[in-house]
Amino acid sequence: MDALSPAIGLKLQLPALNSRRAPALFTQFVTFPRRGSSSVLKSGRVHALTRNSEIDFSDPDWKSKFQKDFERRFYIPHLTDVFDDVVAIPSTFCLKSRTPVNEDFAGGYPSDEKWHGYINNNDRVLLKVINYSSPTSAGAECIDPDCTWVEQWVHRAGPREKIYFKPETVNAAIVTCGGLCPGLNDVIRQLSGCCITVPSLGRNTYIPLFILAKKIVITLEIYGVKRIVGIPFGYRGFSEEIAGMPIFRNIQLICLGYGSDYQLSRKVVQNIHLSGGSLLGVSRGGPSVIEIVDSMEKRGINMLFVLGGNGTHAGANAIHNECRKRHMKVAIVGVPKTIDNDILHMDKTFGFDTAVEESQRAINSAYIEAHSAYRGIGIVKLMGRSSGYIAMQASLASGQIDICLIPEVPFRLHGPHGVLSHLEYLLEKKGSAVVCVAEGAGQNFLQKTNATDASGNIVLGDIGVHIQQETKKYFKEIGNPADVKYIDPTYMIRACRANASDGILCTVLGQNAVHGAFAGYSGITVGICNTHYVYLPIPAVISYPKVVDPNSRMWHRCLTSTGQPDFI
């Protein structure tokens, strides 16, 4: 009998990591603590946290103390925290009158009347909106044993009436890190008056760039920014090893030669968002934080927009801390990019909706293969290292899945209550079955290695292949073979074009990232929380991956759809 597959994460309320303790090298930022299975109940369900060792609930003032601590942890850093002499100026972003900007941006756009489209700095958004009456309620997230309601407010995103950068002095840069994700080319597009800077040995080389974050670039242009640079191939673009690498494989160049900046037309690159991938290029790992900040100083970059997941944001937070240490007036703003939807406190990240939608093709193919074959079984492996959101949502959307396996819920393969036994039951009952498994599920069944990728993530074994092999072996041993088909659509999904929902999300995230930088915030990320866009301090979202709560209503809905039992 095989071991029980453990859940690798819990939905807990824990304090954010102290950003001041960030290590020196980027590659040390990308691993995160995972809770073990010790807190998982014997039933396999994970209940809400009802104890907090840092809070004395016998103190009559514990609630106000908790709120003060929450405000401290979710405070978003501002330039005025470091620079006493920084001066706010009227915003140059105004949609009331969009007349062409002149050389003097400080006076703002001329308008006959005051524009009421700005966000007040005191505007807040509720982080949690459900008032749970009991810790046993489905999906309950409680601070104390009585599930006392405590308001937790975070900063609302959007343009401010006062800004802290003069647009003519801004030298903005954009970098995309990690793996591919649908939606990258919705923000990497349509550049006007921009170039890309690649460091070379002893000097700087300038390569004409037709690709940059469209949503970010357009918003920067409305503010009046004239210089925007793109960093190729993630954080590696800050190092000298990238110099001379071809990054314009599929782009029509309108300028020849190097050594100067080129004014580019938006028309040239207006359709690159119709393709998947990242035209800036992506990579994992990179140089040390000190080297990155040295490169930023050399280039004069004072706004950096970082598109990436948990590891990328950890690096961005370290860059922010190093810039503060050097007393650099720089705004570092993150844009969450993770197909797994595993960033804390956010409703979703761009690429997730597209991944769920594209997964339906693979699931439907597996269903047709299984349904058409004699005793057919279709197995589909989807993305999700530590979070099973894609597998759960894709299973729920398709209505064709009989078994959904995710990292957060323990399961057995063998035994009377195992997955294979249930597959045998399904074949006898309906003649076919379809299994959807997240890539991070059941890793205890596979041989463990100490291998890591460039981001420091543990290299996972292929659970999909393992289940395929074990399924064939099981049915052969019982003398009743099954026709097993296995589909892994991972790279097809990662490389596809973003759907409409993700396209809208990319647009708003990009706009709000620029608004946050001009407002003087740094070391923050922008996200959607309870349908509203907010700014969050980076340490608050990278403490650990967001995971599926096995006691949540959404997981219960998935179980209702599949009809599967507990495989324990």
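Residues numbered from 1 in each chain as written. Predicted model: local features only at pLDDT ≥ 70, side-chain atom pairs only at ≥ 80, totals over all residues. Heavy atoms only, no water.

Colleague: Residue-level account of the overall build of the protein chain, with values.
Modeller: Helices and strands together make up the secondary structure of the protein chain, namely 13 helices and 16 strands. For the protein chain, with 568 residues in total, the buried portion stands at 58%. Sequence separation of 24 or more characterises 80% of the internal contacts of the protein chain that already satisfy a separation of 6 or more. Total accessible area on the protein chain stands at roughly 24,000 Å², and carbon and sulfur atoms take up 50% of it. (Helix = DSSP H or I, 4+ residues; strand = E, 2+ residues; numbered from the N terminus. Buried < 20%, exposed > 50% of the residue type's maximum accessible area, 1.4 Å probe, protein only. Contact = heavy atoms within 4.5 Å. Areas by Shrake-Rupley, 256 points an atom, 1.4 Å probe, with all protein chains shown as cover.)

Colleague: Got a sec to walk through the packing of helix H7 (residues 389-398) against helix H13 (residues 553-562)? Specific residues and values, please.
Modeller: Direction vectors running N to C along H7 and H13 enclose 45°, while the axes themselves pass 9 Å from each other. One way to sum up the angle between H7 and H13 is to call them oblique. Every pair of crossing elements has a handedness; the one defined by H7 and H13 is left-handed. Listed contacts from H13 to Met 392, Gln 393, Ser 395 and Leu 396 of H7 are Met 554, Trp 555, Arg 557, Cys 558 and Ser 561. Class assignment for the residues of the contact of H7 with H13 results in five nonpolar, three polar and one charged. (Axes fitted to C-alpha atoms, helices over the stretch in contact; angles between N-to-C directions. Parallel < 35°, antiparallel > 145°, perpendicular 65-115°, else oblique. Left-handed = near helix turned anticlockwise from the far one by under 90°. Nonpolar A, V, L, I, M, F, W, Y, C, P; charged D, E, K, R; others polar.)

Colleague: Quick one: what's the story with the pairing of strand E10 (residues 331-336), residue by residue and with numbers?
Modeller: Within E10, six of the six residues are buried, leaving the element largely enclosed by the surrounding structure. By the alternation rule, side chains of E10 split into Ala 331, Val 333 and Val 335 and Ile 332, Gly 334 and Pro 336, which are all buried. Where strand E9 (residues 303-308) and E10 come together, six bridges link them in parallel fashion. Residue pairing for E10: Val 306 is matched across the bridge by Gly 334. (Pairing = 2+ DSSP bridges.)

Colleague: Could you give an account of the state of the cysteines, with specific residues and numbers?
Modeller: Enumeration over the complete set of coordinates arrives at one disulfide. Each sulfur of the disulfide joining Cys 142 and Cys 147 lies 1.6 Å from the other. The two residues Cys 142 and Cys 147 agree in class, both being buried. (Disulfide = S-S within 2.5 Å.)

Colleague: How would you summarise helix H11 (residues 500-518) if you had to cite specific residues and measurements?
Modeller: If you check H11, its first and last C-alpha atoms are 28 Å apart, about what 19 residues at 1.5 Å a residue would give, namely 27 Å. Among the residues of H11, the N-terminal cap falls to Asn 499, whose side-chain oxygen and the backbone nitrogen of Ser 501 are separated by 3.3 Å. Of the residues one or two after H11, Gly 520 is the one with positive phi, at around 95°. (Expected span 1.5 Å × (residues − 1). Polar contact = N/O pair within 3.5 Å; in protein donor to acceptor, adjacent residues only side chain to side chain.)

Colleague: Can you explain the nonpolar core? Please cite residues and give values.
Modeller: With 41 residues, the main nonpolar core has Leu 220, Met 303, Phe 305 and Phe 518 as its most contacted residues. Only strand E5 (171-176), helix H3 (214-223), E9, E10, H11, strand E15 (524-529) and strand E16 (532-537) provide two or more residues apiece to this core. In terms of residue count, H11 provides more of this core than any other element does, seven residues in total. Not counting the four nearest positions on each side in its chain, Phe 305 is found in contact with Ala 172, Ala 173, Ile 174, Val 175, Ile 216, Leu 220, Val 333, Ala 513, Val 514 and Ala 517. Core analysis: the second largest hydrophobic core is formed by 36 residues, Ala 173, Cys 177, Ala 314 and Ala 540 among them. (Core = buried A, V, L, I, M, F, W, Y, C linked by side-chain atoms within 4.5 Å.)

Colleague: Describe the sheet that holds strand E12 (residues 403-405), listing the residues and the values that go with them.
Modeller: An order of E12-E13-E11-E14 is seen for the four strands of this open sheet, with the pairing classed as parallel. If you trace the sheet from one side to the other, it starts and ends with E12 and strand E14 (483-487), each paired once. For this sheet, the mean angle separating the axes of adjacent strands, direction not counted, is 15°. Packed on one face of the sheet, helix H6 (residues 352-372) meets strand E11 (376-382), strand E13 (432-438) and E14 and runs near 165° to E11.

Colleague: Account for the pattern of salt bridges, with residues named and values stated.
Modeller: Evaluation of the coordinates by the stated rule reveals 15 salt bridges. Between Asp 462 and Lys 381 there is a salt bridge whose closest N-O contact spans 3.3 Å. Of this pair, Asp 462 sits in the loop between E13 and helix H9 (463-477) while Lys 381 sits in strand E11, placing them 81 residues apart in sequence. Using a relative accessible area of 30% as the deciding quantity, one classes Asp 462 as partly exposed. Overall, Lys 381 belongs to the buried group, its relative accessible area being 9%. (Salt bridge = Lys/Arg side-chain N within 4 Å of Asp/Glu carboxyl O.)

Colleague: Residue-level account of the side chain of Ser 395, with values.
Modeller: For Ser 395, the position within the fold is in helix H7. A relative accessible area of 0% places Ser 395 in the buried class. With near-sequence residues (within four places) excluded, Ser 395 lies in contact with Ile 363, Ile 401, Cys 404, Cys 436, Cys 558 and Ser 561.

Colleague: Can you lay out the confidence of the model for the protein chain for me, pointing to particular residues and giving the numbers?
Modeller: When pLDDT is low, close inspection of the predicted coordinates is not appropriate. Scored by pLDDT, the protein chain has a mean of 78; 72% of the residues are at 70 or more. Overall, residues 8-51 carries pLDDT values under 50, and its contacts beyond four positions in sequence, including any with other chains, amount to 127 contacts. Counting contacts from residues 242-279, a segment whose pLDDT is below 50, to residues more than four positions away or on other chains yields 100 contacts. (pLDDT = per-residue confidence, 0-100.)

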